[in-house]
Amino acid sequence: MSKFDLSRKIALVTGSSRGLGKTFAEELAGAGAHVVLNGFDTARLEQTREEMAAQGYDVSAAAFDVSDEAAVRAAFERFDAEGRPPDILVNNAGIQLRRPMLELGAADWQRVLDTNLTSAFLCGREAASRMIAKGGGKIINIGSLMSDLARVTVAPYTVAKGGVKMLTRSMAAEWAAFNIQANAIGPGYMMTDMTRPLQEDTQFDNWVRGRTPAGRWGKPEELQGAVVFLAFSASDFVNGQILYIDGGMTAVL
Ligand code: GCO
Ligand code: CA
């Protein structure tokens, strides 16, 4: 089998009913994988599943809350019952909350960490136990340029994404011996629903264009190649890494 072929592979992409997660799902399905879509909102998830199936993608849907330990365990037990635990896990689910820390409550802090970081641990743990039994697998965590750099008003997101970078290294430490490769990508400022308010803020838009060596926002499809590379066997000796896809932003002052 070619190093660049995902046919006969099962890929679970968390938070994939829209946004970057849906972009990753399309690319992995396009490379031959059967993609299990995931989201919290069952109706929106089913709509995305129908839309992608109509486009010819080989997809199914599993609605569960990735931050709820019991829900994650039950979902993976369903995958076992169907005889198709994921060979590839993309931990993409996440939320953003822009608020200064002095105005931030503990509940909101916890919600961001649970959705963006704990979810990757919970799904990673269930996926890894099956991958070990199957002789290996691929875990791709979606970090951020904020896995490395902070800015005002997004502390819980930044802390969570920093944790995603270190969780990725922890996964490599504990699971590389079982032929599991755990890596991350760190998107920069991409044109997504999450960043729309920022794109529409002229001052912020000018700042991004000036601070990014490429002088522009990234397009979601510019993240696809990295995710698919990390899903291919071509990346079997890459482990515990984070690849920033940010137009050069984290590389320069
Ligand atoms: C923000 C943005 C960033 C980007 C992304 C960059 O408020 O600064 O939401 O966090 O979304 O995380 O990778
Ligand atoms: Ca750095």
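Residues numbered from 1 in each chain as written. Chains lettered and ligands numbered in written order. Predicted model: local features only at pLDDT ≥ 70, side-chain atom pairs only at ≥ 80, totals over all residues. Heavy atoms only, no water.

Asks: Which residues make up the pairing of strand S2 (residues 34-39), and what values go with them?
Replies: Side-chain direction in a regular strand flips from residue to residue, so the side chains alternate between the two faces of the sheet. Within S2, six of the six residues are buried, leaving the element largely enclosed by the surrounding structure. Covered by surrounding structure in S2 are His34, Val36 and Asn38 together with Val35, Leu37 and Gly39, the residues of both alternating faces. Here strand S1 (residues 10-13) pairs with S2 via four bridges, running parallel. Residue pairing for S2: Ala11 is matched across the bridge by Val35. Each parallel crossover has a hand, and for S1 linked through helix H1 (residues 19-30) to S2 it is right-handed. (Buried < 20%, exposed > 50% of the residue type's maximum accessible area, 1.4 Å probe, protein only. Helix = DSSP H or I, 4+ residues; strand = E, 2+ residues; numbered from the N terminus. Pairing = 2+ DSSP bridges. Right-handed = clockwise from strand over helix to strand, strands pointing away.)

Asks: Report on the UniProt feature "domain: Ketoreductase" (unreviewed entry) in the protein, specifying residues and quantitative values.
Replies: UniProt records the feature "domain: Ketoreductase" (unreviewed entry) for residues 9-148 in the present numbering. As annotated, residues 9-148 has a helix share of 48% and a strand share of 18%, and its two end C-alpha atoms lie 32 Å apart. (UniProt positions renumbered as here; feature names shortened; annotations may be inferred.)

Asks: So what's going on with the site of ligand 1? Which residues, and what values?
Replies: For ligand 1, the set of nearby residues contains 14 residues, the closest of which are Arg98, Ser144, Arg151, Pro187 and Tyr189. Here Pro187 contributes a backbone N or O atom positioned 2.3 Å from an oxygen atom of ligand 1. For ligand 1, whose unbound accessible area comes to 330 Å², protein coverage reaches 97%. When grouped by side-chain class, the residues that make up the shell around ligand 1 number eight nonpolar, four polar and two charged. (Near = heavy atom within 4 Å. Polar contact = N/O pair within 3.5 Å; in protein donor to acceptor, adjacent residues only side chain to side chain. Areas by Shrake-Rupley, 256 points an atom, 1.4 Å probe, with all protein chains shown as cover. Nonpolar A, V, L, I, M, F, W, Y, C, P; charged D, E, K, R; others polar.)

Asks: Describe the pairing of S1, listing the residues and the values that go with them.
Replies: Here S1 shows a buried face lined by Ile10 and Leu12 and a second buried face lined by Ala11 and Val13. Sheet topology places S1 next to strand S4 (residues 88-91); three bridges connect them, and they run parallel. Each residue of the ladder has a partner; that of Leu12, found in S4, is Leu89.

Asks: Can you explain unusual backbone geometry? Please cite residues and give values.
Replies: For residues that are not glycine, phi is negative in most cases, and the peptide bond is trans in most cases. Positioned with a positive phi, Arg8 is a non-glycine residue whose angle comes to about 70 degrees. In this fold, Arg8 is placed in the segment before S1. Take Arg8: its relative accessible area is 70%, and that puts it in the exposed class. For Asn179, which is not glycine, the phi dihedral falls at a positive 65 degrees. By secondary structure assignment, the location of Asn179 is in the loop between helix H5 (155-175) and strand S6 (180-187).

Asks: Would you mind going over the environment of Phe229 in detail, with residue names and values included?
Replies: For Phe229, the location among the structural elements is in helix H8 (residues 224-231). Spatially, the C-alpha atom of Phe229 lies 9.5 Å from that of Lys3, the residues being 226 residues apart in sequence. Apart from residues no more than four positions distant in its own chain, Phe229 is found in contact with Ala234, Ser235 and Val238. (Contact = heavy atoms within 4.5 Å.)

Asks: Pulling in residues and values, what's your account of the packing of H1 against helix H2 (residues 42-54)?
Replies: The N-to-C vectors of H1 and H2 enclose an angle of 30 degrees; their axes lie 12 Å apart at closest approach. Looking at the two axes, H1 sits roughly parallel to H2. Crossing angle aside, the handedness with which H1 passes H2 is right-handed. Residues Lys22, Ala25 and Glu26 of H1 lie in contact with H2, whose contacting residues are Thr48, Glu51 and Met52. The residue inventory of the contact of H1 with H2, partitioned by class, reads two nonpolar, one polar and three charged. (Axes fitted to C-alpha atoms, helices over the stretch in contact; angles between N-to-C directions. Parallel < 35°, antiparallel > 145°, perpendicular 65-115°, else oblique. Left-handed = near helix turned anticlockwise from the far one by under 90°.)

Asks: Any chance you could break down the pattern of salt bridges for me, citing the residues and the numbers?
Replies: By the definition in use, this model includes 17 salt bridges. For Asp236, the salt bridge identified is with Lys138, shortest N-O distance 2.7 Å. Of this pair, Asp236 sits in the loop between H8 and strand S7 (242-245) while Lys138 sits in strand S5 (residues 137-142), placing them 98 residues apart in sequence. For Asp236, a relative accessible area of 35% translates into the label partly exposed. Residue classification places Lys138 among the buried residues on the basis of a relative accessible area of 6%. Salt bridges linked by common partners bring Glu69, Arg73, Asp80, Arg125, Glu126 and Arg130 together as one network. (Salt bridge = Lys/Arg side-chain N within 4 Å of Asp/Glu carboxyl O.)

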